[in-house]
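# Structural description and commentary
Residues per chain are reported as follows:
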Amino acid sequence: VAIVVRLGAGIHDLELGQRVIVAMSPRTGGTYACIFNVPRRCVAPIDDCVPNNIAASIGYAGLTALQALYAAGLTPQNSSTKHICINGASGGVGAIALLLASDWGAEITAVASTHNHTWLKQLSPCHTVDYRDPCAMADIHADIIINCASSSNKETDPLLNLLQKSSTKQKAYVTTVNPLLTNISNNGLFCGLSH
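As the structure is a prediction and not an experimental result, all values here were calculated from the model.

## Topic: the sheet that holds strand β3 (residues 43–45)
- Reading across the sheet, the three strands line up as β1-β2-β3 and stay open at both edges, with antiparallel pairing between neighbours. Both edges of this open sheet fall to β1 (2–3) and β3, since each of them pairs with a single strand only.
- By the bridge criterion, two bridges tie β1 to strand β2 (residues 19–22) in an arrangement that is antiparallel. The residue bridging A2 from the neighbouring strand is V20, located in β2.

## Focus on the pairing of strand β8 (residues 172–175)
- Covered by surrounding structure in β8 are A172 and V174 only, the residues Y173 and T175 on the alternate face being uncovered.
- Two elements, strand β7 (residues 144–147) and β8, share four bridges in a ladder whose sense is parallel. Bridge pairing links I146 to V174 in β8.

## Here we look at the side chain of T109
- Mapped onto the elements, T109 comes out in strand β5 (residues 107–111).
- Exposure remark for T109: the relative accessible area of 5% places this residue in the buried category.
- Discounting chain neighbours no more than four positions away, the residues touching T109 are H83, I84, C85, I86, H127, V129 and I140.

## Some thoughts on a nonpolar patch on the surface
- A cluster of nonpolar side chains, contributed by I3, V5 and I35, occupies part of the molecular surface with about 320 Å² of accessible area.
- Considering the arrangement of structural elements, one finds V5 in the loop between β1 and β2.
- Of the residues examined, V5 reaches a relative accessible area of 55% and is grouped as exposed.

Calculation notes
- Residues numbered from 1 in each chain as written.
- Predicted model: local features only at pLDDT ≥ 70, side-chain atom pairs only at ≥ 80, totals over all residues.
- Heavy atoms only, no water.
- Pairing = 2+ DSSP bridges.
- Helix = DSSP H or I, 4+ residues; strand = E, 2+ residues; numbered from the N terminus.
- Buried < 20%, exposed > 50% of the residue type's maximum accessible area, 1.4 Å probe, protein only.
- Contact = heavy atoms within 4.5 Å.
- Patch = residues over 30% accessible without salt bridge, like charges linked within 9 Å, V, L, I, M, F, W, Y side chains within 5 Å.
- Areas by Shrake-Rupley, 256 points an atom, 1.4 Å probe, with all protein chains shown as cover.
- Salt bridge = Lys/Arg side-chain N within 4 Å of Asp/Glu carboxyl O.

Printed below as a string of structure tokens:
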């Protein structure tokens, strides 16, 4: 979350003092500074009713969720005929993907632990499955899988296996999980490296 302190030439849709979300690569020089310049396309206004702690979580989580849905070929125009499974639906990225896909009219199966099911159904109409229930997991039918959580089985992803066995012609699997990060040990070391 940032505050607009100066506007560039031609920027008429923001105001000085306005709260905004900034979403740009940390590799861009100056993004860790107290005051920095950003292109207008990297800034989104925040409504006054949204607290800073909520707004701060929306930026990258929201962008990641939106990119995952678009990577799966979903848009507001074509989602009403799709059945989507969102693994890790109770996390930041998963919950935003759930809200977007639901708003677009998709039928959704939300995979999360049982204690999050009531909350997920309050967010959006959806079917819920506990990832620890192998029978329920094996019974998921979806055209598209959005994986926002690493699989407990490092060798195979049961949702990817389900999708591969599916007879659905137009199917997609998108993961927001960095495979490099899933190979880090509990001690913060990459598997296979010694210290």
